[in-house]
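Each chain is listed here by its residues.
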Amino acid sequence: MTHVEDELHSQPECWIRAAAEAPRHAAALPAPGERVALVGCGTSYFMAQSAAALREGAGQGETDAFAASEFPHGRSYDRVLALTRSGTTTEVLELLGRLRGRTRTTAITADPHTPVMTAADDLVVLDFADERSVVQTRFATAALTLLRAHLGLHTDTAVADARTALTAPLPEGLVDCTQFTFLGRGWTVGLANEAGLKMREASLAWTEAYPAMEYRHGPISITTRGTATWMLGEAPEGLAEQVRGTGGLWVAGGLDPLAELVRAQRLAVAVAAARGLDPDRPRHLTRSVILTGS
């Protein structure tokens, strides 16, 4: 079993622990009414997108998400929350440094022995969800589970669905598809973006991701026999029929959307295996992006 497989299969237990620890970290996490920005890079950015949509949708306050390198310094926030598995990513550390003394910052990280521990004002360490793999799985979903629990939106159903996602067979013919499109709505748009990233990282697959309603505005033109369209969450009315009408494979997201992301992680590993690739050694990638001379 690869590191990626081992880590993605541990997610139900990580989610249970992350949800249980949420009350202990409440003071470090955004309070109701705060104006908040969530930032990250790569996978962490996509988790930030989902968490921001969840928080604002729950009526907790205006919440934005940005890639750390694209943070709008002209805007005012009560708190900036950074997601960083490694705690060493250059863009995140530089942003936290610029914000020190001006804006309250929180970092959610997996490693307590990294520079982010002194760069942020408040810290949440999920060391039980740290990973050996380059390709992120359990840290990202554990961090999002922590934030869902903080908002009162985590349920035991998500954990049960994650276990189903790890054991139920993938749809027939899915691994053999040549192109994959992931769709989301609201908070699941970030999950769709992350599912596409997992496929590209682990299996070098041609993948795209869109808000579900935007899929009709051009992207559906690439859908045909041998392609797959995967919905994370509830699909817009009529979209499944439109996709099936193209000859493409429609994959309905019947589980909790975060558990659907676990299914997509499994697909990435399965496609990598079918193509003779090692998902623990993704091409051109390292565990953390550290820029020299920046």
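Residues numbered from 1 in each chain as written. Predicted model: local features only at pLDDT ≥ 70, side-chain atom pairs only at ≥ 80, totals over all residues. Heavy atoms only, no water.

Visitor: Looking at this model, I keep getting lost on the environment of D161. Mind explaining?
Guide: Within the secondary structure, D161 is located in helix α7 (residues 156–167). A C-alpha to C-alpha distance of 5.8 Å links D161 and L255, two positions 94 residues apart in sequence. When neighbours within four sequence positions are excluded, D161 is seen to be in contact with L255, D256 and A259. (Helix = DSSP H or I, 4+ residues; strand = E, 2+ residues; numbered from the N terminus. Contact = heavy atoms within 4.5 Å.)

Visitor: Help me out: how do you make sense of α7 in this one?
Guide: Every α-helical turn comprises 3.6 residues, leaving residues that sit three or four positions apart pointing alike. Here α7 spans 17 Å end to end across 12 residues, near enough to the 16 Å set by a 1.5 Å rise per residue. Listed as buried for α7 are A158, V159, D161, A162, A165 and L166. One side of α7 carries all its buried residues, which in axial view fall inside an arc of 165 degrees. Exposed and oriented more than 90 degrees from the buried face of α7 are D156 and T167. (Expected span 1.5 Å × (residues − 1). Buried < 20%, exposed > 50% of the residue type's maximum accessible area, 1.4 Å probe, protein only. Arc of directions from axis to C-beta.)

Visitor: Which parts of the structure should I look at to understand the packing of aromatic side chains?
Guide: Centre distance and the angle of the planes are the two values used to describe a pair of aromatic rings. A complete count under the given rule lists 6 aromatic pairs for this structure. Here F66 and Y77 contribute two aromatic rings whose centre-to-centre distance is 6.4 Å and whose plane-to-plane angle is 70 degrees, an arrangement assigned as edge-to-face. Highlighted residues: F66 in strand β2 (residues 63–67) and Y77 in the loop between β2 and β3 (79–84), separated in sequence by 11 residues. By relative accessible area, which is 13% here, F66 ends up buried. (Phe/Tyr/Trp six-rings, centres within 6.5 Å; stacked < 30°, edge-to-face > 60°.)

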